[in-house]
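# Chains, contacts and geometry: an overview
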Amino acid sequence: MTDALLRVEHLTMRFGGLLAIDDVSFVAKRREITAIIGPNGAGKTTVFNCLTGFYKPTVGRLAFQRPDGALLLEQMDDFRIAQAGVARTFQNIRLFPMMTVLENLIVAQHNRLMRASAYTIAGIFGLKRYRDAEVQAVAKARTWLERVGLVAEADWLAGNLPYGAQRRLEIARAMCGDPLLLCLDEPAAGLNPRESADLNGLLKSVRDEFGIGILLIEHDMSVVMGISDHIVVLDYGRKIADGTPDAVKRDQNVIRAYLGEEESAPLPPEVAADLAGDER
């Protein structure tokens with residue numbers, strides 16, 4: 001089986017006369033964390049929206065390789081993409097604030113529970129297949145509460161959790177769906193340095209233990225450089241770099257994009273001197 005989990009080929013997205021994504025291609029692999037970075041407005045979230053079915057690409061092929069065969073995400077409805085094994089979190093947290101922490105994780109297993117209930121009949125009559133599925137769903141939810149350190153808050157309303165805990169809960173909820181690809185939109189946004197370090201550890205453990213691919217949009221470079229196996233850099237909807245963290249952080253086009261310089265302009269002296277020191 002190939003290591004390629006997701007192949008994005010010539011992805012282009014237009015909104016009327018606005019070209020938001022311009023012929024972007026990259027590969028995300030199993031057991032790797034792939035970060036998509038770039039300045040504000042670079043098109044990162046638009047890429048996520050195309051991958052998860054919120055937008056239909058103007059042009060492009062999004063091939064998702066499951067163990068039972070490849071799927072073309074651009075041809076699927078958003079709920080089918082989720083059922084196929086692509087889970088997502090959002091930059092703006094989207095928990096169910098008036099449900100408990102535990103209930104948020106059980107709701108994430110809705111599809112499995114509905115199948116076990118034979119779409120309500122087995123649930124109404126309390127058949128064994130549904131009772132067993134409920135027990136398994138609660139057990140999985142409690143396992144993830146332990147992993148993200150929220151066992152004591154299981155009965156809290158999710159909206160009453162501190163911000164950093166809500167971020168962890170959102171990742172746990174996504175993982176309760178057993179995804180093959182976990183898409184995280186700025187998971188470190190608003191976190192303090194300690195919480196960011198804890199996030200790094202959590203994501204690396206998810207990658208290593210579950211063998212899934214993680215696709216990450218993030219502005220916090222301590223997170224990106226600390227956990228990424230592979231980085232794709234966008235600027236004005238175009239891909240300007242694609243490689244390892246070490247290679248990307250030394251790429252002159254990347255440095256200019258973050259500093260707001262033209263690609264043809266020389267690097268600022270202090271940046272050039274710093275890079276020269278690294279090479280020595």
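In this text, all values refer to a predicted model and were calculated from it rather than measured experimentally. (Residues numbered from 1 in each chain as written. Predicted model: local features only at pLDDT ≥ 70, side-chain atom pairs only at ≥ 80, totals over all residues. Heavy atoms only, no water.)

### Some words on the overall build of the chain
Rules: Comment: elements are numbered from the N terminus, with helices defined as DSSP H or I runs of at least four residues and strands as E runs of at least two. For this measure, only C-alpha atoms enter the radius of gyration; the expected value for a globule follows 2.2 Å times N^0.38, where N is the number of residues. Whether a residue is buried, partly exposed or exposed follows from its accessible area with a 1.4 Å probe, protein chains only, as a fraction of its type maximum: under 20%, in between, or over 50%, in that order. Residues count as neighbours in contact if any of their non-hydrogen atoms are within 4.5 Å of one another. His is not counted, nor are the chain ends; Lys and Arg add positive charge and Asp and Glu add negative charge. In plain terms, the charge of a residue is placed at NZ if it is Lys, CZ if Arg, CG if Asp and CD if Glu.
For the chain, the count of helices and strands is twelve helices and ten strands. Relative to the compact-globule value of 19 Å for 280 residues, the chain shows a C-alpha radius of gyration of 20 Å, a close match. In terms of overall dimensions, the chain has C-alpha extents of about 70 × 40 × 35 Å along its principal axes. Looking at the 280 residues of the chain, the share that counts as buried comes to 47%. Look at the contacts in the chain between residues 6 or more apart in sequence, and 64% of them connect residues 24 or more apart. Separation of charge centres in the chain, based on 32 positive and 37 negative side chains, amounts to 7 Å.

### Concerning the sheet that holds strand β6 (residues 86-88)
Rules: DSSP bridges decide pairing: two strands pair if at least two such bridges lie between them. Here, axes are lines fitted to C-alpha atoms. For helices the fit covers the stretch in contact, and angles between N-to-C directions go from 0 to 180 degrees.
Sheet architecture is open: six strands sit in the order β6-β7-β8-β3-β9-β10, paired in mixed fashion. The open sheet has two edge strands with one neighbour each: β6 and β10 (238-243). Strand-to-strand, the axes of this sheet are offset by a mean angle of 15 degrees, without reference to chain direction. Packing against the sheet, helix α8 (residues 193-210) makes contact with β3 (33-37), β7 (181-185) and β8 (213-217), and its axis sits at approximately 150 degrees to β8.

### Quick notes on the side chain of Thr 100
Topologically, Thr 100 is positioned in the loop between β6 and α3 (101-107). The buried category is assigned to Thr 100, whose relative accessible area is 16%. Excluding its chain neighbours within four sequence positions, the residues that come into contact with Thr 100 are Ala 154, Asp 155, Trp 156, Leu 157 and Ala 158.

### Details of the side chain of Thr 52
This is how it is decided: N or O atoms within 3.5 Å of each other form a polar contact, as long as, within protein, one can give a hydrogen and the other can take it, and as long as residues adjacent in sequence are counted only when both atoms are side-chain atoms.
Relative to the helices and strands, Thr 52 is located in the loop between α1 (44-51) and β4 (59-66). By relative accessible area, which is 6% here, Thr 52 ends up buried. Reaching out from Thr 52, the side chain makes a polar contact with the backbone oxygen of Phe 48 at a distance of 2.7 Å. If we skip the residues at most four places from it in the chain, Thr 52 touches Asp 78, Ile 81, Val 86 and Arg 88.

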